[in-house]
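Results of the structural survey
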Amino acid sequence: MRITFLGAAKTVTGSCHLVETDKVRLLLDCGMYQGHDSARNHEPFPFDPAGIDYVVLTHAHLDHCGLIPKLVREGFRGHVISTRPTADIAKLILLDAAHLQEEEVEREARRARRRGEPPPEPLFDVGDALEAMDHFSIRIEYGREIALDHEVSVVFHDAGHILGSGIVELHAEGKTVVFSGDLGSWDRPIVRDPSPSPPCDLLISEGTYGDRPHRSFSESVEEFRDAINIVLGRGGSVLVPSFALERTQEVLYVLYELWRKGEIPQEVRIVLDSPLGSAVTRVFSKYSDWFDVEGRELFSRHENPFRFPALSVTRTAEDSKRLNHAGGGYIIVAGSGMCTGGRIVHHLRHRLWREEDGVVFVGYQARGTLGRAIVEGAKTVRVLGEEVAVRAQVWTINGFSAHADRNELAHWITATEAGRVVLVHGEEHALTALAADLASRGIEATIPSLGDSLEL
Ligand SMILES: [Zn+2]
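This text gives an overview of the structure that appears in the document.

The rules behind each value
Residues numbered from 1 in each chain as written. Predicted model: local features only at pLDDT ≥ 70, side-chain atom pairs only at ≥ 80, totals over all residues. Heavy atoms only, no water. Helix = DSSP H or I, 4+ residues; strand = E, 2+ residues; numbered from the N terminus. Rg over C-alpha atoms; globule rule 2.2 N^0.38 Å. Buried < 20%, exposed > 50% of the residue type's maximum accessible area, 1.4 Å probe, protein only. Salt bridge = Lys/Arg side-chain N within 4 Å of Asp/Glu carboxyl O. Pairing = 2+ DSSP bridges. Axes fitted to C-alpha atoms, helices over the stretch in contact; angles between N-to-C directions. Patch = residues over 30% accessible without salt bridge, like charges linked within 9 Å, V, L, I, M, F, W, Y side chains within 5 Å. Areas by Shrake-Rupley, 256 points an atom, 1.4 Å probe, with all protein chains shown as cover. Lys, Arg positive; Asp, Glu negative; His and termini not counted. Charge placed at Lys NZ, Arg CZ, Asp CG, Glu CD. Donors = N, O, S within 2.8 Å, 3.2 Å for Na, K, Ca; no water. Tetrahedral: all angles 85-135°; square planar, octahedral: opposite > 155°, others 65-115°. Phe/Tyr/Trp six-rings, centres within 6.5 Å; stacked < 30°, edge-to-face > 60°. Disulfide = S-S within 2.5 Å.

A word on the overall build of the chain
Counting its regular elements, the chain contains 13 helices and 22 strands. For the chain, whose C-alpha radius of gyration is 22 Å, the value lies close to the compact-globule estimate of 23 Å for 456 residues. Viewed in the frame of its principal axes, the chain has a C-alpha envelope of about 65 × 55 × 40 Å. When the 456 residues of the chain are sorted by exposure, 59% land in the buried category.

Here's the deal with the pattern of salt bridges
Scanning the model with the defined rule gives 27 salt bridges in all. Residues Arg212 and Asp211 are paired through a salt bridge, measuring 3.4 Å at the closest nitrogen-oxygen approach. Owing to a relative accessible area of 32%, Arg212 belongs among the partly exposed residues under this scheme. A salt bridge links Glu219 to Arg215; the shortest N-O distance between them is 3.8 Å.

Points about the sheet that holds strand β19 (residues 393–396)
The six strands lie next to each other as β14-β13-β15-β12-β16-β19, forming an open sheet whose pairing is parallel. Each edge of the open sheet is held by one strand with a lone partner, namely β14 (311–313) and β19. The mean angle between the axes of side-by-side strands here comes to 20°, regardless of whether they run parallel or antiparallel. The pairing of strand β12 (residues 238–241) with strand β15 (residues 330–334) spans four bridges and is classified as parallel.

Overview of a negative patch on the surface
A cluster of acidic residues, Asp187, Asp193, Glu294 and Glu297, forms a negative patch on the protein surface. On the secondary structure map, Asp187 appears in the loop between β10 (175–179) and β11 (200–206).

Comments concerning the coordination of the zinc ion
For the zinc ion, the full set of protein donor atoms is His59 (NE2), His61 (ND1), His161 (NE2) and Asp182 (OD), and the range of their distances to it is 2.2 to 2.3 Å. Here the zinc ion is ringed by four donor atoms whose angles at the metal span 93 to 164°, and the overall shape comes out irregular.

A look at the sheet that holds strand β4 (residues 54–56)
Backbone-to-backbone hydrogen bonds pair the strands of a sheet. The strands run either parallel or antiparallel. With mixed pairing, the seven strands of this open sheet are ordered in space as β6-β5-β4-β3-β2-β1-β22. The sheet is open, and its two borders are formed by β6 (138–139) and β22 (453–455), each paired with just one other strand. Alignment of strand β3 (residues 25–28) against β4, held across three bridges, turns out to be parallel. The residue of β4 that forms the bridge with Leu26 is Tyr54.

Structural notes on the packing of aromatic side chains
In total, this model carries twelve aromatic pairs according to the counting rule given. Residues Tyr256 and Phe308 carry aromatic rings whose centres are separated by 5.1 Å and whose planes lie at 65° to one another, so their mutual orientation is edge-to-face. On the criterion of sequence distance, the pair formed by Tyr256 in helix α6 (residues 247–260) and Phe308 in the loop between α8 (293–300) and β14 is long-range, its members being 52 residues apart. No difference in accessibility class separates Tyr256 from Phe308, as the two residues are buried. An aromatic cluster is present here, built from Phe284, Phe291, Phe299 and Phe306 joined pairwise through their rings.

Observations concerning the state of the cysteines
Enumeration according to the criterion identifies zero disulfides in this entry. Of all cysteine sulfurs, the one in Cys30 lies closest to Cys16, which takes part in no disulfide; the gap is 4.9 Å. You can call Cys16 buried: its relative accessible area is 6%.

Set out below in structure tokens:
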């Protein structure tokens, strides 16, 4: 069996690994590059999409599923294997990505016409995204082995990263490969704790936060609460740039708990201003039986952290625009999480220069994004073509992360009986730090470069 690392090698996006046996070729994820690396999405696949039999999809984040429509457009006729929540959420994520690309291409086409250049093509359009969904034909439950053709079988284990996320256990040619996908962090709301890895010949693990520990989730909630009370107390509003998937639902869950316990003002107006975030939140309500014990108990008491009196959901762009002049007393949760587009960008333009307001980052900010610039302390940033001074108070709370931190990764990998360990899905310094930590525990881990292969 040969495994080739075709994405998320020494970087955090574009997850994609090709597994080839004598009889079958499959991809572990087929994700999109984001931020700094996004030009790579337009490069041709280094394999024939028509020759791929399966895509084993760990979860519905765009950097794991985002190039499936391109794969289908270029000839893939096989099956996508995923959990039910992943399939439902991926549909929303892929459609949203298709819309965004159509819009972007339209803007670029106008520019190209002015310069007399040929108009750009989108990576995929809404039709491609819908067609891709027809290939999500194999649904998998945690812990249940599915036999594929050619003596290959797959088992998913709960990765505890986002709703429906899986650790892949792949059996082929008498060998076992485990791919962590994105590994969750322990003791978080909604999702269960990550499962231990089964013994394997090869463990491919992510290492996003391989170089740093997170603060605990409960400390992060306190930090969030304090930030909210500081900003609301001086008459400001809080912006929370949030990924539509999982982070938004976690933030709402936490805000619900803080509000219910009286730890933030009862008159606060919490607004979910994210069409995609609202749609994904509805899917979460549908799959509340996939939640952890506390989440299931909450729903069984007929409490819904996604629907409570202090929370409202914007329906239209006009609702969103009205918030620009609404002043203080609001917590606005809006996408995109790294401020690369979406409604948060408009809120930043209207509020970043206000000293009384606050911006609370609760997610990873990749290189080259507006979010990263703000987090790194830029005095001014360019937002929607305008220079805007950064005067609002900025918090970065990393304990909300949906990823295992350095210690959790090291423990999880160390506890696995693995013949070989390979680290992917992390910036190089993070993976190098994790490899050094593992070496001190007697485990040798290698860090592949893009396009590297190994034989098993
Ligand atoms: Zn993820």
